[in-house]
Amino acid sequence: MLEVNGKVIAITGAGSGIGLALTKLCLHHGARVAASDRNMSSLTALGVEYPDVLHCATVDVSDSQAVTQWAKDVVAHFGQCDVLVNNAGVSLSSNIQTMKRADLAWLMDINFWGVVNGVEAFLPHLIERPAACVVNISSLFGLMAVPSQSAYNAAKFAVRGYSESMRQDLRDTNVKVVTVHPGGVKTNIVRNGKHFDSLDGSATNTEETAAMFARVASTTPERAAEIILKGIKKGKPRVLIGRDAIFLDILQRLLPGVYDRITVPASVKGRRRLASQ
Ligand SMILES: NC(=O)c1ccc[n+]([C@@H]2O[C@H](COP(=O)([O-])OP(=O)(O)OC[C@H]3O[C@@H](n4cnc5c(N)ncnc54)[C@H](O)[C@@H]3O)[C@@H](O)[C@H]2O)c1
């Protein structure tokens, strides 16, 4: 068991959604938190509430030099780092035939290379601790694929493979690796993303997709944070969040080549029903 009380936990993308909820929960449990985001608005207010135990920094995870500097700053400030949570992420809905390479690269730079940047910058510090943990936030979409999500699916499947292999590389060390696969969590992920095509192939936009997502995402960020914290404490290799993630993980394992014959018609039907309400 890794008790978080007194530990130093670095969290990327901590300014919104799951990252912000996890930051607050870790502070509540007595941890010292190094919170970073490219957008500091929510963190500035929290910093005033927790002046001694919260260290906030503006960091773009796709910038490897900035992440390396942030890791040095965190260790200089708190004297150690015990847990890294690679949480920052963005979303993109774009059909494979029209997707712009620049959009794919934008997403991969944040959702995949951002995770690699975090690991490379923090692992040398984590390895020196008696007990440490890396948490990489993948997704339900790191377990199963859906239409219009080839970029997001590619990044989240990559995070899963990278994390599961890293866990095995580090098995004889003090560093546990936790891979997290959330289903739908009510956050700003869609509102902050780029959305051009919907699951059924029709054209959409960010506002419409965000409104649909708000109606189907069933888990709160606070609940997601509780499940992640439990996973950190237990050093669980694989953490699923939400009934949707648990059910669809089983489905794609039972029907690996054909699960989309069930999931695609069901999501298209659900989307049409929501649109008509
Ligand atoms: N919400 C969901 O349904 C869901 C499901 C599965 C996985 N996830 C994953 O959970 C993680 C957190 O997402 P969320 O739902 O809380 O979304 P969110 O949009 O509420 O929060 C993401 C945070 O990441 C930050 N961010 C984006 N790009 C960044 C960059 N280049 N550098 C630093 N920070 C950056 C944003 O400013 C934001 O504060 C993401 O990795 C996401 O892919 C979310």
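Residues numbered from 1 in each chain as written. Predicted model: local features only at pLDDT ≥ 70, side-chain atom pairs only at ≥ 80, totals over all residues. Heavy atoms only, no water.

Draft legend 1. Layout of the pattern of salt bridges. Overall, the coordinates contain nine salt bridges when judged by the stated rule. With a shortest N-O distance of 3.1 Å, Lys194 and Asp103 are connected by a salt bridge. Within this pair, whereas Lys194 is found in strand β8 (residues 194-195), its partner Asp103 is found in helix α4 (residues 101-111), the two being separated by 91 residues in sequence. Between Arg272 and Asp200 there is a salt bridge, with its nearest N and O atoms 4.0 Å apart. With Arg272 in helix α10 (residues 260-276) and Asp200 in the loop between β8 and α7 (206-216), this residue pair connects regions lying 72 residues apart in the sequence. Overall, the relative accessible area of 53% leaves Arg272 in the exposed class. (Salt bridge = Lys/Arg side-chain N within 4 Å of Asp/Glu carboxyl O. Helix = DSSP H or I, 4+ residues; strand = E, 2+ residues; numbered from the N terminus. Buried < 20%, exposed > 50% of the residue type's maximum accessible area, 1.4 Å probe, protein only.)

Draft legend 2. Region of interest: the nonpolar core. Formed by 35 residues in total, the largest nonpolar core has its most connected members in Ile9, Val83, Val85, Val135, Val180, Ile228 and Ile232. Of the residues forming this core, the biggest block, seven residues, is contributed by helix α1 (residues 17-28). Here Ile228 is in contact with Ile18, Leu22, Val135, Ile137, Val180 and Ile241, once residues within four sequence places are set aside. Counting 22 residues, the second-largest nonpolar core is a separate cluster that includes Val67, Ala71, Leu84 and Phe122. (Core = buried A, V, L, I, M, F, W, Y, C linked by side-chain atoms within 4.5 Å. Contact = heavy atoms within 4.5 Å.)

Draft legend 3. Broad picture of the site of the ligand. Lining the immediate environment of the ligand, one finds 29 residues, of which Ser16, Asp37, Tyr152, Val185 and Thr187 sit closest. For the ligand, an oxygen atom lies 3.4 Å from a polar atom in the backbone of Ile189. In isolation the ligand has 830 Å² of accessible area, and contact with the protein removes 97% of it. Put simply, the parts of the chain that give the shell around the ligand at least two residues each are α1 and α6 (150-169). Residues belonging to the shell around the ligand are distributed by class as follows: twelve nonpolar, 13 polar and four charged. (Near = heavy atom within 4 Å. Polar contact = N/O pair within 3.5 Å; in protein donor to acceptor, adjacent residues only side chain to side chain. Areas by Shrake-Rupley, 256 points an atom, 1.4 Å probe, with all protein chains shown as cover. Nonpolar A, V, L, I, M, F, W, Y, C, P; charged D, E, K, R; others polar.)

The values reported here are purely geometric and, on their own, carry no functional implication.
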